[in-house]
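Examination of the molecular architecture
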Amino acid sequence: MSTIEWRAGAKPKIPSQPLSSSSTSRPYSISIGDTLRRLGVPALALTGLWVGLLFLMIWHWTGYHLSPLTAGWRQWDRANHWNMPGVMPHGPLPPQVPPTVLLTMGLIFVAATAAHFWAVLNARRLRHAGQGTLWFILGATVVMGGVVLLLPNLFSDDVFSYILYGRIGALYHANPMLVTPAHFPHDPFLRYVYWRTTPSVYGATWLWPAEVLTHVAQRLGGSLPVYIALYKVMGLVCHLANAALIWGILVRIAPQRRVLGTVLYAWNPLAVIEFAGSGHNDALMLTYLLIGIWLAVRQFEMLAAVAWAAAITTKFILLILVPLWLWHVVLTRWRAAETHDLRLALRCAWEAGWRGGVLAVAVVAFMAPFWGGPHLITVLLHSPPTQRIDNSLLDLLVRFIPWPLSALLHKSRFILRKEYLPLFKDTGIVAFALAWLWALFQRVPRDLLAACAWALASYIVLASAWFWPWYVTWPLAFVALRPLGRQSLSVLLLAGGVLSIYAFLPDRASLAFGLRALFAFGPAIAYVGLARSAQVRHAVRRAGTGLFQAWHAGFTSPATQKTQGVRTPAPLA
């Protein structure tokens, strides 16, 4: 039986056992009426904001990728009273989008983030809710996701790449990880794909579901609206499954926080937009990941390792979490023992080794059908997202630092930008490596879930030169399993801030577009900085008080110290 500590935020008492069924079978004190009173109004507010976004996009084209589902809106609005364009564009277009429309969109995102905070704070008080509360949360999520699913615009065109990769495997019987969409110029959907000369950077456990969706779409007529609808529905279904898994995990490790964690994830505006609105495959990756955690807290660690392998072979970024997990296994075994010797060290190595071996074998088994030799690794390491820069803090630095340098060095800022870009990238990678090591040695001994969230958030902020908002859903799933604290609030601020990128993208010619990373990352970084500075001030104040008491004790007699409550140091033996 495993002794891994999965109790999020708990002190590392080893060995630990998952909460018994008796601890979760207590009579519930929260009725469905209490749930509606606490969560009903925030749910209505969020739903109303998504309806407002829907009508905003129907009323005015916001410059994004038109969803093929727009054909239905145009058919409904035959006289084009809603100003819907008739041609499907490719990519975000610069044409004239009134600033008031973009400002309204940004305000909707801000209001949705605030309403979500309201729901999270109210959910903290629902500590002993039953299954009725879970069904209410999931039902409200279906309504919110259903509204977003109908948006006539797509915030991302990744779904078109998903469609082509699925068609390459299912219809053309080729390997999407080695063959690019450009090899099929006759495909009717190729014109909507941006990464035409790039093979799939997603692994087997995404490509197989994409092939299944391709077969289903072909049976339903094979039109592009059918494909888009299937991918969006799949994203919403995975999002609902993730919310239910978070509830099930928290029932075992922290039942008093199951409502809090489920609402924090399920109603998060970023997750709803990215999964129901854009159909991103990150939803399925998180499903595999959360299934693994759900199995692990129930002591099925071998199956958990297989599930985590499936998550890794969906998006390989999760490889950075594997050493954290294995190091946690070693520390757990080491601290649980009464005596520490060579035999224990070998035992710890075995415990970490067999788990890592199972995960490695599962990864190899999943990827074997798509293996094309070492060339495949080269394709993954040198994919365009690893070579380009956009929307990140690094993009902000590269845009504005060359301005003063160009005046000092008398060089063109474009030349300086090209010269200093590798240096900035390497600096970000080094900073992320230091943050990852801090998570390994400082956070893992206390809380594995916190360490994983920290590692992913550090990668997003420091090392991801090519950044897009849906990346923040990775740490969001982890903080949903933890107590509401500084880390949770910083990730929530990050999730809310990065939505502002969508309000800047259609107007690439404005100065504000260059500052979008400041709006995206600024609130979370400012919050973390203020929290850290307050912590430092408190530590300095405590240290100063201690020094003053020690100085005062040196100039007072023992009798005076006794009357004034000053503790006298014990004499040396």
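The residue count restarts for each chain, going from 1 along the sequence in the order it is written. Given that the model is predicted, a residue must reach a pLDDT of at least 70 before its local features are reported, and side-chain atom pairs must reach 80 or more before they are shown or counted; all residues, however, enter totals for whole chains, interfaces and linings. Processing note: side-chain calculations cover all non-hydrogen atoms of the structure and skip hydrogens and water entirely.

All right, on to the overall build of the protein then. Put simply, DSSP H or I for four residues or longer makes a helix, DSSP E for two residues or longer makes a strand, and each gets a number counted from the N terminus. A tally of regular secondary structure across the protein gives 26 helices and two strands. Exposure is judged per residue with a 1.4 Å probe applied to protein chains only, and the accessible area is read against the type maximum: over 50% gives exposed, under 20% gives buried, and values in between give partly exposed. Burial analysis of the protein (573 residues in total) assigns 54% to the buried set. The Shrake-Rupley method, run with a 1.4 Å probe sphere, supplies the accessible areas, and residue values consider only the shown protein chains as cover. In the form shown here, the protein has an accessible surface area of approximately 25900 Å², with 68% of it arising from carbon and sulfur atoms.

Bringing empty space enclosed by the protein into the picture now. A 1.4 Å probe that fits into a set of points on a 1 Å grid over the protein atoms alone but cannot get out defines a cavity; an open set with protein on both sides within 12 Å along at least five of seven lines defines a pocket, and lining residues are those with an atom within 4 Å of a point. Grid points are joined across faces, edges and corners, and a volume is the space filled by probe spheres set on the points. Taken as a whole and judged by the stated rule, the model has six cavities of 30 Å³ or more. As for the largest cavity, its lining consists of 14 residues, and the residues nearest its centre are Leu 289, Trp 308, Leu 321, Trp 325 and Cys 452. When residues of the lining of the largest cavity are traced back to their parent elements, those giving at least two are helix H11 (282-296), helix H12 (301-312), helix H13 (322-336) and helix H20 (448-463). Among the elements that take part in the lining of the largest cavity, H20 stands out by supplying three residues, more than any other. Side-chain classes follow a simple rule in which Ala, Val, Leu, Ile, Met, Phe, Trp, Tyr, Cys and Pro form the nonpolar group, Asp, Glu, Lys and Arg form the charged group, and the remainder, Gly included, forms the polar group. Here the lining of the largest cavity is built from residues that sort into 14 nonpolar, no polar and no charged.

Turning to a positive patch on the surface, a few remarks are in order. Each patch is built from salt-bridge-free residues with over 30% relative accessible area, joining like charges within 9 Å and nonpolar side chains (Val, Leu, Ile, Met, Phe, Trp, Tyr) within 5 Å. One side-chain nitrogen of Lys or Arg within 4 Å of one carboxyl oxygen of Asp or Glu is enough to make a salt bridge. Residues scored as positive are Lys and Arg, those scored as negative are Asp and Glu, and His as well as the terminal groups of each chain are ignored. Where a charge sits is defined by one atom per residue type, namely NZ (Lys), CZ (Arg), CG (Asp) or CD (Glu). A grouping of Arg 38, Arg 124, Arg 125 and Arg 127 is seen on the molecular surface, where their side chains present a positively charged patch. As for its placement among the helices and strands, Arg 38 is situated in helix H2 (residues 32-59). Arg 38 sits in the partly exposed class, given a relative accessible area of 30%.

The next subject is the packing of aromatic side chains. Aromatic rings from Phe, Tyr and Trp, with only the six-membered ring used for Trp, were paired whenever their centres fell within 6.5 Å, and each pair was classed as stacked if the ring planes differed by under 30 degrees, edge-to-face if by over 60, and tilted otherwise. If you walk through the whole model with that rule in mind, you get 26 aromatic pairs. A ring pair is formed by Phe 467 and Tyr 471, whose centres lie 5.6 Å apart and whose planes are at 90°; its orientation type is edge-to-face. Like Phe 467, the residue Tyr 471 is buried in the burial classification. An aromatic cluster of at least three residues, connected via ring pairs, comprises Tyr 194, Trp 195, Trp 466, Phe 467, Trp 468, Trp 470, Tyr 471, Trp 474 and Phe 521. Note on geometry: a ring has a charge over it if NZ (lysine) or CZ (arginine) is within 6 Å of the ring centre and within 35 degrees of the ring normal. Above the ring of Phe 513, the side-chain terminus of Arg 516 is found at 3.9 Å from the ring centroid.

Of note in the backbone geometry, His 173 takes a positive phi value of approximately 55° without being a glycine. As for its position among the elements, His 173 is in the loop between helix H6 (158-170) and helix H7 (204-219). Relative accessible area serves as the criterion here: at 67%, His 173 is assigned to the exposed category. With phi around 65°, Asn 391 is a residue other than glycine that occupies positive phi space. Examined against the element boundaries, Asn 391 turns out to sit in the loop between helix H16 (384-387) and helix H17 (393-400).

As a further point, take the confidence of the model for the protein. One number per residue, pLDDT, summarises how confident the predictor is, and it ranges from 0 to 100. On average, residues of the protein score 83 in pLDDT, and 78% of them reach the 70 mark or higher. Here, two residues are considered to be in contact whenever any of their heavy atoms come within 4.5 Å of each other. Every residue in residues 8-28 scores below 50 in pLDDT, and together they form 45 contacts with partners more than four places removed in sequence or on other chains. Within the model, the stretch residues 564-573 combines pLDDT values under 50 with five contacts to residues more than four positions away or in other chains.

Here we come to the packing of helix H8 (residues 224-253) against helix H9 (residues 258-266). To get an axis, a line is fitted to the C-alpha atoms, and for a helix only the part in contact is used. The angle between two axes follows their N-to-C directions and goes from 0 to 180 degrees. Their axes nearest at 9 Å, the elements H8 and H9 cross at an angle of 160°. When the axes of H8 and H9 are compared, the pair comes out roughly antiparallel. In this structure, the crossing between H8 and H9 has a hand that is right-handed. Residues His 239, Asn 242, Ala 243, Ile 246, Trp 247, Leu 250 and Val 251 of H8 lie in contact with H9, whose contacting residues are Arg 258, Val 259, Gly 261, Thr 262, Tyr 265 and Ala 266. For the contact of H8 with H9, the per-class residue count stands at eight nonpolar, four polar and one charged. Put simply, angles under 35 degrees are roughly parallel, angles over 145 are roughly antiparallel, angles from 65 to 115 are roughly perpendicular, and the rest are oblique. Handedness of a crossing follows from how the near helix is turned relative to the far one, being left-handed for an anticlockwise turn of less than a right angle and right-handed for a clockwise one.

What follows concerns the environment of Ala 465. Here Ala 465 shows up in the loop between H20 and helix H21 (473-479). Along the backbone, Ala 465 and Ile 429 are 36 residues apart, and their C-alpha atoms lie at a distance of 9.6 Å. If we skip the residues at most four places from it in the chain, Ala 465 touches Arg 388, Ile 389, Asp 390, Ser 392, Leu 394 and Lys 425.

Here H13 crosses H20 at 160°, and the two axes come no closer than 10 Å. Classified by the angle their axes make, H13 and H20 are roughly antiparallel. Classified by chirality, the crossing of H20 by H13 is right-handed. Note on element contacts: H20 touches H13 through Leu 448, Ala 451, Cys 452 and Ala 455, opposite Leu 324, Trp 325 and His 328. When grouped by side-chain class, the residues that make up the contact of H13 with H20 number six nonpolar, one polar and no charged.

Attention now goes to the nonpolar core. Only buried residues count toward a nonpolar core. Its members are Ala, Val, Leu, Ile, Met, Phe, Trp, Tyr and Cys residues joined through side-chain atoms within 4.5 Å. One finds Trp 50, Leu 53, Trp 267 and Leu 324 to be the most contacted residues of the largest nonpolar core, which totals 166 residues. Sort the elements by how many residues they give to this core and H8 lands first, with 18 residues. Those residues in contact with Trp 50, other than ones at most four positions away along the chain, are Phe 109, Ala 112, Met 144, Val 147, Val 148, Pro 269, Val 272 and Ile 273. Counting residues in hydrophobic clusters, the runner-up holds five residues, among them Val 398, Leu 421, Phe 424 and Ala 465.

Moving on to H11. Side chains three or four residues apart in an α-helix point the same way, a direct result of the helix having 3.6 residues per turn. The span one expects for a helix is its residue count, reduced by one, times 1.5 Å. Counted at 1.5 Å a residue, the expected span for H11 with its 15 residues is 21 Å, and the 21 Å between its end C-alpha atoms agrees. Among the 15 residues that make up H11, 13 are buried, leaving the element largely enclosed by the rest of the structure.

With that out of the way, let us pick up helix H22 (residues 486-498). End to end, H22 covers 18 Å across 13 residues, agreeing with the expected 18 Å (1.5 Å per residue, within 8%). With ten of its 13 residues buried, H22 lies for the most part within the structure.

Residue position: Asn 122 is located in helix H4 (residues 99-123). A relative accessible area of 15% means that Asn 122 is categorised as buried. Those residues in contact with Asn 122 that lie beyond four places of it in its chain are Arg 38, Leu 39 and Pro 42.

The next point concerns the pattern of salt bridges. This structure, assessed with the given rule, holds ten salt bridges. Of the charged contacts, one joins Arg 37 and Asp 34 as a salt bridge, the two residues approaching to 2.2 Å between their closest N and O atoms. On the criterion of helical spacing, the pair formed by Arg 37 and Asp 34 is a turn pair, its members being three residues apart in helix H2. We note a salt bridge from Asp 390 to Arg 516, for which the minimum N-O separation is 2.6 Å. Here Asp 390, found in the loop between H16 and H17, pairs with Arg 516, found in helix H25 (residues 516-554); they are 126 residues apart in sequence, far enough to count as distant. With relative accessibility at 11%, the residue Asp 390 sits in the buried group. Taken together, the shared-partner salt bridges in this structure form one network comprising Glu 301, Arg 333, Arg 347, Glu 351 and Arg 355.

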